[in-house]
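# Analysis of the macromolecular model
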Amino acid sequence: MGQPVREYLLTLCVTAAVTYLLTGPVRKFAIAAGAMPEIRARDVHREPTPRLGGIAMFGGLCAGLLVASHLTNLKSVFESSNEPRALLSGAALIWILGVLDDKWGVDALVKLGGQMIAAGVMVLQGLTILWIPIPGIGTVSLTPMQGTLLTVALVVITINAVNFVDGLDGLASGMVCIAAAAFFMYAYRLWYGYGIEAAAPATLFSVVLMGMCLGFLPHNMHPARIFMGDSGSMLIGLVMAAGAVSITGQVDPDLLGEKTGGLREATHAMVPVYIPLLLPLTVIAVPVADLILAIVRRTWKGQSPFAADRGHLHHRLLEIGHSHSRAVLIMYFWSALIAFGAVAYSVNNASMWIVLGIVLLSAVGLVLLLLPRFTPRAPRWAEWMVPPRYRRSRRGPAEGAAAAEDVAPADAEGEREPMPAGINGATAIGDRSRFVDRRKAGSNR
């Protein structure tokens, strides 16, 4: 079992390295191509930032699949299944659509049609849901039409869920990376724990997806030097959906029953995947919840479900007082809790310790949500070891009043004017300041 692990690790490292190395040149290309749209009212960044990060992520996807196809154990996935080729075909279509949207803008209905076409291409090449395990009934085989409709629906929902949550620096890539890690653990257990070969493609897809996100994250963490754009968010959403379709619609529950020794054990093993929508919606539960709330909120106001607004979960975290970084970490926490909690429950759903642990961590998450303005202060003797924001202020009353007067004009300026996009944007040339506003950071300039 050690050799496949090393091959997965090599695939992960190659995917992450290629994505990381390509992101720098892609950023320069995006600036030169003018893929730096003006700041919109719903955006949280203050400077025009290049997009098209999905180009680097697609390069990492291709590199990861190419390396895996030449490894001793993983090449059997390409020989026995057409699913990797189906994924690459669908990913190429959705990536091209995303690049066009990042550069020139594409109508929401056109994007929806493109997502359905990409999902249909994968279905035509064999990446589709074949059956559904239903409790109390057993395995229900789907007709080609039913399987196609269910697969397309799952792919479109997952793509838009990831796309909707891409609103803060490093948020979408980090959350998808966490979901992919949990998904890998589940798929790897089915493949090597029970010897089910049909779970091999999903295991490979999860590793490649982790590499894409890990390679892009260093460039996308706050303050981001480049955004993945729709070319990246729709791409990683499609890869996640492809893994979910592969493992929930291709793995035969009857075969799992033979491997586990009986119907009762098989039922316990298949708890997270009784219905094909359950596992993917579990590992990306936070983005899907955000998607559903956005649709309900917009239709309630008489708006289009695709109309942009500032009502997403990450926007609400900022409004109640959380900093940018803390809002991202809170979303990471809830994603990891739900995703890994579901995987742990699938391993041993009879253990009360797992349930109690999930409940306890949920309580911790609620406490974090209710303390938006809490900033821990380090003792004076340990201040040299922590960032400046965690140190106790040593300014006198006069200095504090002067600083307040210095910041006041900045607060009285009102809403900022949208900054024009272009090659001379603040992030286009030179190093970026880590402070959004120097006056608010305590500088006199």
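Here goes a summary of the coordinates provided. (Residues numbered from 1 in each chain as written. Predicted model: local features only at pLDDT ≥ 70, side-chain atom pairs only at ≥ 80, totals over all residues. Heavy atoms only, no water.)

## As for the overall build of the protein
What counts here: Secondary structure is summarised from DSSP: a helix means a run of H or I of at least four residues, a strand means a run of E of at least two, and numbering begins at the N terminus for each. For the exposure calls, accessible area comes from a 1.4 Å probe over protein chains only, and a residue counts as buried if that area is under 20% of its type's maximum, exposed if over 50%, partly exposed in between. Residues are treated as being in contact if the distance between any of their heavy atoms lies within 4.5 Å. Per-residue and other accessible areas follow the Shrake-Rupley method at a 1.4 Å probe size, with only the shown protein chains counted as cover for residues.
A count of helices and strands for the protein gives 17 helices and two strands. Residue burial in the protein is summarised as follows: out of 445 residues, 48% are buried. Excluding contacts between residues fewer than 6 apart, the proportion of contacts in the protein whose partners are at least 24 apart in sequence is 75%. Surface exposure of the protein reaches about 21200 Å², of which carbon and sulfur atoms provide 66%.

## Quick notes on the packing of aromatic side chains
Heads up, the condition is: Aromatic contacts are taken between Phe, Tyr and Trp rings whose centres are within 6.5 Å, Trp giving its six-membered ring; a plane angle under 30 degrees counts as stacked, one over 60 as edge-to-face, and the others as tilted.
Per the stated rule, a full pass over the model turns up six aromatic pairs. Pairing Phe 58 with Trp 95 gives two aromatic rings, centres 4.5 Å apart and planes at 10°, and the pair type is stacked. Taken together, the positions of Phe 58 in helix H2 (residues 54-68) and Trp 95 in helix H4 (residues 83-103) put the pair 37 residues apart, joining distant regions of the chain. Through a chain of ring-to-ring contacts, the aromatic side chains of Tyr 8, Phe 184, Tyr 188 and Trp 191 assemble into a single cluster.

## Let's talk about the nonpolar core
Generally speaking, soluble globular proteins have nonpolar side chains that are buried together. Heads up, the rule is: For the purposes of this section, nonpolar cores are sets of buried Ala, Val, Leu, Ile, Met, Phe, Trp, Tyr and Cys residues that join through side-chain atoms within 4.5 Å.
Counting 92 residues, the largest nonpolar core has Leu 61, Leu 235, Ile 236 and Leu 238 as the members making the most contacts within it. With 18 residues, helix H7 (residues 171-194) is the single largest residue contributor to this core.

## With respect to the pattern of salt bridges
The condition is simple: One speaks of a salt bridge when a side-chain nitrogen belonging to Lys or Arg is within 4 Å of a carboxyl oxygen belonging to Asp or Glu.
Considering all chains together, one arrives at two salt bridges under this definition. Across the pair Lys 111 and Asp 101 runs a salt bridge whose closest N-O atoms are separated by 3.5 Å. Separated by 10 residues along the polypeptide, Lys 111 in helix H5 (residues 108-124) and Asp 101 in helix H4 bring together distant segments of the chain. Take Lys 111 and Asp 101: they sit in the same class, and that class is buried. Across the pair Lys 111 and Asp 230 runs a salt bridge, and its minimum N-O distance is 2.8 Å. Taken together, the residues span a long stretch of sequence, with Lys 111 in helix H5 and Asp 230 in helix H9 (residues 229-249) at a distance of 119 residues. Each member of the pair, Lys 111 as well as Asp 230, is classed as buried. One continuous salt-bridge network, built from bridges that share partners, spans Asp 101, Lys 111 and Asp 230.

## So, the environment of Gly 98
Along the chain, Gly 98 falls in helix H4. As for Gly 98 and Ile 55, which are separated by 43 residues in sequence, their C-alpha atoms are 9.4 Å apart. Not counting chain neighbours up to four residues away, the residues in contact with Gly 98 comprise Asp 230, Ser 231 and Met 234.

## So, helix H8 (residues 200-220)
Going by this rule: Given a helix with a known number of residues, its expected span is that number minus one, times 1.5 Å.
In this model, H8 (21 residues) spans 30 Å end to end at C-alpha, consistent with the 30 Å of a helix rising 1.5 Å per residue. Burial analysis of H8 places 19 of its 21 residues in the buried class, the great majority of the element.

## Considerations on H4
Taking 1.5 Å as the rise per residue, H4 with 21 residues should run 30 Å; its terminal C-alpha atoms sit 30 Å apart, in good agreement. Of all the residues in H4, the buried ones are Glu 83, Pro 84, Ala 86, Leu 87, Gly 90, Ala 91, Ile 94, Leu 97, Gly 98, Val 99, Asp 101 and Asp 102. Of the residues flanking the end of H4, it is Gly 105, one or two places downstream, whose phi is positive at about 90°.

## Overview of the packing of H2 against H4
The test is simple: Convention adopted: a line fitted to C-alpha atoms gives each axis, helices being fitted over their contacting stretch, and angles between N-to-C directions are expressed from 0 to 180 degrees. Roughly parallel means an angle under 35 degrees; roughly antiparallel, over 145; roughly perpendicular, 65 to 115; everything else is oblique. All amino acids are sorted into three groups, where Ala, Val, Leu, Ile, Met, Phe, Trp, Tyr, Cys and Pro are nonpolar, Asp, Glu, Lys and Arg are charged, and the leftover types, Gly among them, are polar.
Put simply, H2 and H4 touch, their axes get as near as 11 Å, and they point 170° apart. The angle between H2 and H4 places the two elements in the roughly antiparallel class. Of the residues in H4, those in contact with Gly 54, Ile 55, Phe 58, Leu 61, Cys 62 and Leu 65 of H2 are Pro 84, Leu 87, Leu 88, Ala 91, Ala 92, Trp 95 and Val 99. Grouping the amino acids of the contact of H2 with H4 by side-chain chemistry returns 12 nonpolar, one polar and no charged.

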